[in-house]
Structure formats: structure tokens, C-alpha cells
Amino acid sequence: MRVIPKTAKVKVEFFKNISVADILIALIGLVLVVVICLSNIGIIRFFIALVIACAVTALYLPYDGQRFYMFFRTFMRYVFSGKKYVKQDVESASNIKSFVAFKNVKDGYIEFGDYYGGVLEIGSREFRLLTGYRQDQIINNCFGKVIRSIAGKTRASLVKVDKKINFGAFIEGEELKRDDLKKTFDAGELTERELFIRERILQDRIEVYNNLNASDKNKIMAPAFFLVVYDAQKSVIEEILTNAVDTFAEAGMNSHILNTKELCVFLKYNFTDKFNEEDIDIMDEREYVDWILPDEISFNSKSVRVDGEECFCFTVRNYALTVSNAWGFQMFNTQDTKVVMNLEPFEKEKAVRMIDRSLQELMSQSEQSYRASSVIDKTTHINTLVQLLALLKNDNENLYKVNIHIALYNRSKETRKNLKKRLMSVLTEQGFELSDDYCNQNRAMISMNISQNDVMAEFQRSIHSNSIAAVFPFVLSTMMENGGVTIGQSKGFPMIVDFFARNNERVNSNMVIMGKSGSGKSYSTKTLLTHFATENCK
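Predicted model only: the values in this text are computed from it and were never measured.

Peer 1: Help me out: how do you make sense of the packing of helix α4 (residues 132–148) against helix α7 (residues 234–250) in this one?
Peer 2: Two quantities define a packed helix pair, namely the angle between the axes and the distance from one axis to the other. For the pair α4 and α7, the least separation of the axes is 9 Å and the interaxial angle reads 170°. Classified by the angle their axes make, α4 and α7 are roughly antiparallel. Residues N141, C142, F143, K145 and V146 of α4 lie in contact with α7, whose contacting residues are A244, T247 and F248. For the contact of α4 with α7, the per-class residue count stands at five nonpolar, two polar and one charged.

Okay, structure coming up:
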């Protein structure tokens, strides 16, 4: 198990549960009451003073885990913020270009004005069947190494979007197999009838893939994972991403740096999945940004609409204290979601000083606590920060400000309550708590945009690099291997297995088919033999 420390920056309390902001608001209210009482507006001044006193008192009532005055500030910020951004309104502040951060996509980089962004797509791998030792190796020495390379003024985002599976590569693989069959026939190793039957089977496979590609209604969406790195210097981004490709390769994971057109498709998926990826191939570079941007983004207090499609933004408010390897698998792989984990590195010395101050404040608060529950909470908080401090001082660990934002798309036309319940059921059992970002949907959307700007600092949690790396959402949940054969479906995805693939984890092709009587063992065996014969395997 790994530790996610409780808040590393603890607010100073003058009295029990009384912060500096609480005292300032009370003083302002007291001054207003005194001024009104000393005025010469008659007896009504006492009524006005009473109203002000009641209003100030109401500001301290708890609401959604915080003081009401903090929500009131959020509400007022929402009231005076923009509610709608459109592409056509070129000159106005409501133009959509004033909402999104990127300015252009060129030469394999996203341009933001005073900094750039590069993107690495990371493939999934089999993880759950590995031993705990092997899992720790991949997390600490592979993904942890990549995370630790994000330092100084560099920022990063780990992004998951649901991306339409393109079966074009599978079709090309089947065409190559057909060419190999013809060569085998020309060499006299197959009869004309054997060639005909094998070609029919291959054609059936190709038609299945073509139907999957052509169907928008029944399109198959799969989670795709991206690491976005931001820096003012392109050379820094290139070095981090290039080293990351080599590091992932050592762990048997595929990854590649996106080129300009792939970047455009990636940015488009951050807004919608209702488009054809191939459109980018016939466009001029000057049309890229206009193609990426949606026509309209609008907000209300509970949701966001992007070109009419509704989504609900959430932010992780509380984290589990202990997590297992791949703790982000369920969070990142929930259907119909976009997930963004923003990372901002701390300077190590500043982080140590901050934790030292927090520990002193917590110890002081603990001495003043008399309730057992409060003492336990403070003691747990102190213990997690002591562990974090030891990791920073003694191990090769870095500390990061982390925010996790989740956009849940209403593609199933369920009610907001049911959608949130489905998402919460996934996270609550792991110990995470979500904020529904009421009156904060616009700020959450800004923070989820591809940029280094996360405007929801109040939710940031300080987490060290190896616990961040343990989020490891790149867990293979189904197999779709190019060059393989389709043997069925799993969780809505076609199961495509290359039985003769060789890598560090798969060193032979032994197979066992098990099942109860009448479950289809014989049929499955004959189907596999037919596929193998079609590929001229012996």
C-alpha cells in the first residue's frame, strides 16, 4: 500500500477551528454593526444592525464541507463570469478563443503564447497478473521516473479521453494475410479449394472490421491515455518525451510522441467525439485551430454544454490515505468520462519548509484538542506528513500539487443524479470524495482544458512522485492485438488475440480451454483451428 498524505499546507488557527479569514470577516461585521448603532438614523438603526449581525453569523454556517462565506464567494464569482462562448463572435470577449488556452498547433507542438505543449500517447499493458514486486518495479522505475522528470518550471497533465477505435490497421493486417495465402498457393502448397475457403474466412473478418469502422451509432470507444508536458522551451519538452518513450519501452509498453495532425485530433477529442478523424488529412494547416474548436460552450451552475452535448464536471476533494498499485484504474477507465490529472512540481526546499510549518501548526492544534476524534484526526495527519517529509529528505522523491478533474458526459440520457451516483460508486469504495463543482463548472472546465493553468487551487493535494505514479491507469482491460484473430467479445470490445506474439511476458503459445459441459469448448477449439488454418499455421 502507498500513502497519499493529508493536506501539506495547514491553515493557521488562532483558536480551535477559527482561521485568519474567520476573524477578519467577524471584525468587518463587528465594525459595521458598531457604525450602524452609533449612527443618527433613528431607532431603525438597531434593526439594521441586527440584520447585519444575523447575515454575518450565517456566513459561518457549514455548507458542502466549507464555511458558507466561501461558497458565497464562489457563487458571486459565477454570477459575474461569462456563461457562453461562441466561435462566430470574433471581436467580443465571449469569443471561444478567449476561453481556450492554446493559440496554434505547429511542428509537433501546441502553442500557448508564452509556452508550448508536447503530447505522448501511452499504451496499456497487462498489469493485474504481475507479481507485486514486478508491479512496483514498473511504477517506481518506469512511470515514477517519467513523473520525476517533471521538475522546475515544467508542468504536466495526465489525460484520459474516450477515443474511437480505428480498425484500419486490422484490415491491413488481414489483407497482408491474404497476400501470403496467394503466395502459398502459387508455391503449390494449397489447393484451389483450400485457398477459396481461407480467403472467404479472411473476407468475413475484413467485413466485420469494415462494419465497425463505418458505424457511428455502434462505434466502439476505448480509453486513450496521454501525458501532456508544458514548458517555455521546446527542447525541454522534447527531451522529457523522448526519454519517456525509452523508459516505457523498457517496461514493455508502447508509446509515441504525437505529430501535428495527431495533436489536432487529440485536442478535438477533448471537446467532443462527434467527428471524423480523417478530416484532418485534407485540411490546410491554417484551418486546424478552427476545426478543433467547438462552435459553442455554455455553462450553468450544474453542467456544461459543448455544441449541445451536456457534461458534468467534478473535482476530487478528498483522497484515500492509503492506495494500492494502479489506484487510478477505475477512476480513469469509467465509461463516458474525460479525466485530467494536473501536476505542478514543488521546489524541494520550499516543500520541506512548508511541511515543517504544517507539522508545527498541527502539533499545536493537537495539544489544544480535547475530543478523541479530533486528536485521532490530527495524529493521522501528522503521521502522513512525517512519512512524506522522510521520503523527500531521504529518498529520490519530488512533491507535486495535484488536481484531478472528471467530466462525465450525459450520452446515455440519464438524470444527473443517476450519472453522479454511478461515478461515486466507483470512487467511494476506494476512499475518494468528489465535489460536484456547483457554480464552479466554468472554472472546472478551464482547469480541464489542455493547458498548464489550473484555477481550482483550493482542491490541490500535495502528493509525492511514486504515489502519483501508482495511479497507473494503463491497465489492459481487453486484448485487441494487431495481427491476431477475433475470438469473441469482452466488456463490449472485440477480443483479438495474436497467439503467436512474443515479448518479455509471453514466451510460448501453450493454451488451455476450460468450461463446464455444453459451454462451447469443442466449438471454440474448432473455431480457433479454422482461424489458424486460414493463416497457414501448422
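What follows picks up the thread again.
Peer 1: What exactly am I supposed to notice about the pairing of strand β13 (residues 296–299) here?
Peer 2: In summary, the side chains of a regular strand alternate between the two faces of the sheet. Pairing of strand β6 (residues 84–86) with β13, which is carried by three bridges, proceeds in the antiparallel orientation. Bridged to V86 within β13 is E296. Strand direction decides the pairing type here: β13 and strand β14 (residues 304–306), joined by three bridges, are antiparallel. Pairing of S298 across the sheet is with R305, part of β14. Between β13 and the antiparallel strand that follows it, β14, lie four residues.

Peer 1: Even after reading the chapter, I still don't get a positive patch on the surface, so can you show me in this structure?
Peer 2: A cluster of basic side chains, namely K9, K350, R353 and R357, defines a positive patch on the protein surface. Note that K350 resides in helix α11 (residues 348–368).

Peer 1: Please clarify how the packing of helix α1 (residues 20–37) against helix α2 (residues 44–58) should be interpreted in this entry.
Peer 2: Direction vectors running N to C along α1 and α2 enclose 175°, while the axes themselves pass 8 Å from each other. With respect to α2, the axis of α1 lies roughly antiparallel. Residue-level contacts link I25, G29, L32, V33, I36 and C37 of α1 to R45, F46, I48, A49, I52, A53 and V56 of α2. For the contact of α1 with α2, the per-class residue count stands at 11 nonpolar, one polar and one charged.

Peer 1: Even after reading the chapter, I still don't get the pattern of salt bridges, so can you show me in this structure?
Peer 2: Side chains that differ in sign of charge can pair as their charged atoms come close. Tallied over the full model, the rule gives 18 salt bridges. Residue K84 is joined to E296 by a salt bridge in which the shortest nitrogen-to-oxygen separation is 3.7 Å. In this pair, K84 is assigned in strand β6 and E296 in strand β13, connecting sequence segments 212 residues apart. Here K84 falls in the partly exposed class, since its relative accessible area comes to 46%. With a shortest N-O distance of 3.9 Å, E121 and K163 are connected by a salt bridge. Separated by 42 residues along the polypeptide, E121 in strand β9 (residues 116–122) and K163 in strand β10 (residues 155–164) bring together distant segments of the chain. Given a relative accessible area of 18%, E121 falls into the buried group.

Peer 1: How should the pairing of β10 be read in this particular structure?
Peer 2: Of all 10 residues that make up β10, eight are buried, and the element is covered over most of its length. Bridging between β10 and strand β11 (residues 221–231) involves 10 bridges; their strand directions are antiparallel. Within the sheet, the bridge partner assigned to K164 lies in β11 and is M221. Note: β10 against strand β17 (residues 337–345), five bridges, orientation antiparallel. Within β17, the position partnered with L158 by the bridge is M341.

Peer 1: Looking at this model, I keep getting lost on the environment of E111. Mind explaining?
Peer 2: Residue placement: E111 occurs in strand β8 (residues 109–111). The spacing of E111 and A101 is 10 residues in sequence and 8.9 Å in space, taken between C-alpha atoms. In this view, E111 contacts F102, K103, N104, K106 and Y116; residues no more than four positions away in its chain are not counted.

Peer 1: Teacher, can you tell me more about helix α5 (residues 168–186) here?
Peer 2: Each full turn of the α-helix corresponds to 3.6 residues, which orients residues three or four apart in the same direction. Taking 1.5 Å as the rise per residue, α5 with 19 residues should run 27 Å; its terminal C-alpha atoms sit 27 Å apart, in good agreement. Following α5 by one or two positions, G188 adopts a phi angle in the positive range, close to 85°.

Peer 1: What is the right way to look at unusual backbone geometry in this model?
Peer 2: Most peptide bonds are trans, and most residues other than glycine sit at a negative phi. Positive phi, normally seen in glycine, also occurs at D107, with a value near 55°. Mapped onto the secondary structure, D107 falls in the loop between β7 (104–106) and β8. Its relative accessible area of 56% is what places D107 among the exposed residues.

Conventions and cut-offs
Residues numbered from 1 in each chain as written. Predicted model: local features only at pLDDT ≥ 70, side-chain atom pairs only at ≥ 80, totals over all residues. Heavy atoms only, no water. Axes fitted to C-alpha atoms, helices over the stretch in contact; angles between N-to-C directions. Helix = DSSP H or I, 4+ residues; strand = E, 2+ residues; numbered from the N terminus. Parallel < 35°, antiparallel > 145°, perpendicular 65-115°, else oblique. Contact = heavy atoms within 4.5 Å. Nonpolar A, V, L, I, M, F, W, Y, C, P; charged D, E, K, R; others polar. Pairing = 2+ DSSP bridges. Patch = residues over 30% accessible without salt bridge, like charges linked within 9 Å, V, L, I, M, F, W, Y side chains within 5 Å. Areas by Shrake-Rupley, 256 points an atom, 1.4 Å probe, with all protein chains shown as cover. Salt bridge = Lys/Arg side-chain N within 4 Å of Asp/Glu carboxyl O. Lys, Arg positive; Asp, Glu negative; His and termini not counted. Charge placed at Lys NZ, Arg CZ, Asp CG, Glu CD. Buried < 20%, exposed > 50% of the residue type's maximum accessible area, 1.4 Å probe, protein only. Expected span 1.5 Å × (residues − 1).

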